[in-house]
Structure formats: C-alpha cells, structure tokens
Amino acid sequence: QVQLVESGGGLVQPGGSLRLSCAASGSIFSNHAMGWFRQAPGKQRELVAAITSGGSTNYGDSVKGRFTISRDNVKNTVDLQMNSLKPEDTAVYYCTMTSVGTGTYVYWGQGTQVTVSS
C-alpha cells in the first residue's frame, strides 16, 4: 500500500521561505508522477506544482518563479521549495502520487499546514 507523509510546514513571515518534503513508500517511486496541491479555507483545491517520472515540471500560475518542485528517486522523496511567500499562500499543502495505469492523482498525504503571516 502507498503511503505519503508530508513535513516541513509551519508559520513564516511574508517574504520568507519554507521547504516541504514528502516521503513515499509502498510503490516503485520512480514510475510515478508526483504533485503538490493546496487548499485554503473556503477555496477550491489547486495544483501548486507537478513533476513527471521523466522530470518535467509544471507550476500553477500563482507560484511560478517562486516555488520549485524536485524529486529524489533514491530517497523516494519529493520536495517543494517555497520562496517569497505571500499571505495568499496560506493553505494546507498535500503531496500526491499518480496511478501508473491512469496517470491521475489517486494517492494523497494527510497534508501539512503552511501559514504566511506577520
């Protein structure tokens, strides 16, 4: 069974940085695309960043130039480096993994809270 565990969330001031990490187990990690989603209270869940099994990346428009997704296929981890944080980045951030068969995000971590406030 697949398990995803996020870490690294917390409270940070506007303009600051955080690095989130997701540890995956229970599958052949390198075969899966990975992603980070976020959801703020009262808002729809949105894609933050994604990285394919081949290493191609995509970012949501609101985080382009500020966030970077990366993966380590030896450690079975995917990270999200977040710089120049804004209050509107405040949300619960979720690590996700695709199904190899469908390519859709079917595995989810429990989330980690990121709060950007002075």
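Chemist: Would you take a moment to explain the overall build of the protein chain for this structure?
Modeler: Across its full length, the protein chain holds zero helices and 11 strands. In sequence order, the protein chain lays out its α and β elements as β-β-β-β-β-β-β-β-β-β-β. In terms of overall size, the protein chain behaves like a compact globule, its C-alpha atoms giving a radius of gyration of 13 Å where 118 residues would be expected to give roughly 13 Å. In terms of its C-alpha atoms, the protein chain occupies a principal-axis envelope of roughly 40 × 25 × 25 Å. Within the span of the protein chain, comprising 118 residues, buried residues form 39% of the whole. Pairs at least 24 apart in sequence give 55% of the contacts found in the protein chain among residues at least 6 apart.

Chemist: Whenever I open this one, the pairing of strand S10 (residues 105-108) confuses me. Can you help?
Modeler: Along any regular strand, the residues point their side chains to alternate faces of the sheet. Here three bridges tie strand S9 (residues 91-98) to S10, and the two strands are oriented antiparallel to one another. Following the sheet pairing, threonine 96 is matched in S10 by tryptophan 108. Hairpin connection of S9 to S10: six residues between the antiparallel strands, including glycine 103 at a positive phi of 75°.

Chemist: Explain the sheet that holds strand S8 (residues 77-82) to me, please; I cannot follow it from the model alone.
Modeler: Hydrogen bonding along the main chain pairs the strands of a sheet, whether they run parallel or antiparallel. The strand order across the open sheet built from four strands is S1-S3-S8-S7, with neighbouring strands paired in antiparallel fashion. Single-partner strands in this sheet number two, and they are strand S1 (3-7) and strand S7 (67-72). In this sheet, adjacent strand axes meet at a mean angle of 15° when their direction is disregarded.

Chemist: Help me out: how do you make sense of the packing of aromatic side chains in this one?
Modeler: Aromatic ring pairs: the centre-centre distance and the angle between the two ring planes describe each pair. Scanning the model with the defined rule gives three aromatic pairs in all. With a centroid separation of 6.4 Å and 75° between ring planes, the pair formed by tyrosine 94 and tryptophan 108 is classed as edge-to-face. Note that tyrosine 94 is positioned in strand S9 and tryptophan 108 in strand S10, a separation of 14 residues in sequence. By relative accessible area, which is 15% here, tyrosine 94 ends up buried. Grouped by ring-pair contacts, the aromatic residues Phe37, Tyr94, Tyr105 and Trp108 constitute a single cluster.

Chemist: Any chance you could explain the environment of cysteine 22 here in plain terms?
Modeler: Inspection of the secondary structure puts cysteine 22 in strand S3 (residues 18-25). Accessibility expressed as a relative area gives 1% for cysteine 22, which makes it buried. Spatially, the C-alpha atoms of cysteine 22 and leucine 4 are 6.4 Å apart, while their sequence positions differ by 18 residues. Excluding residues within four positions of it along the chain, cysteine 22 makes contact with Leu4, Val5, Glu6, Met34, Trp36, Asn76, Thr77, Val78, Asp79 and Cys95.

Chemist: How should I be thinking about the nonpolar core in this particular structure?
Modeler: For soluble globular proteins, nonpolar side chains are generally found buried alongside one another. Judged by nonpolar contacts, the single largest core of 26 residues is most densely connected at Met34, Trp36, Val78, Leu80, Met82 and Tyr93. Mapped by element, the contributors of at least two residues to this core are S3, strand S4 (34-39), strand S5 (46-51), S7, S8, S9 and strand S11 (112-116).

About the criteria used
- Residues numbered from 1 in each chain as written.
- Predicted model: local features only at pLDDT ≥ 70, side-chain atom pairs only at ≥ 80, totals over all residues.
- Heavy atoms only, no water.
- Helix = DSSP H or I, 4+ residues; strand = E, 2+ residues; numbered from the N terminus.
- Rg over C-alpha atoms; globule rule 2.2 N^0.38 Å.
- Buried < 20%, exposed > 50% of the residue type's maximum accessible area, 1.4 Å probe, protein only.
- Contact = heavy atoms within 4.5 Å.
- Pairing = 2+ DSSP bridges.
- Axes fitted to C-alpha atoms, helices over the stretch in contact; angles between N-to-C directions.
- Phe/Tyr/Trp six-rings, centres within 6.5 Å; stacked < 30°, edge-to-face > 60°.
- Core = buried A, V, L, I, M, F, W, Y, C linked by side-chain atoms within 4.5 Å.

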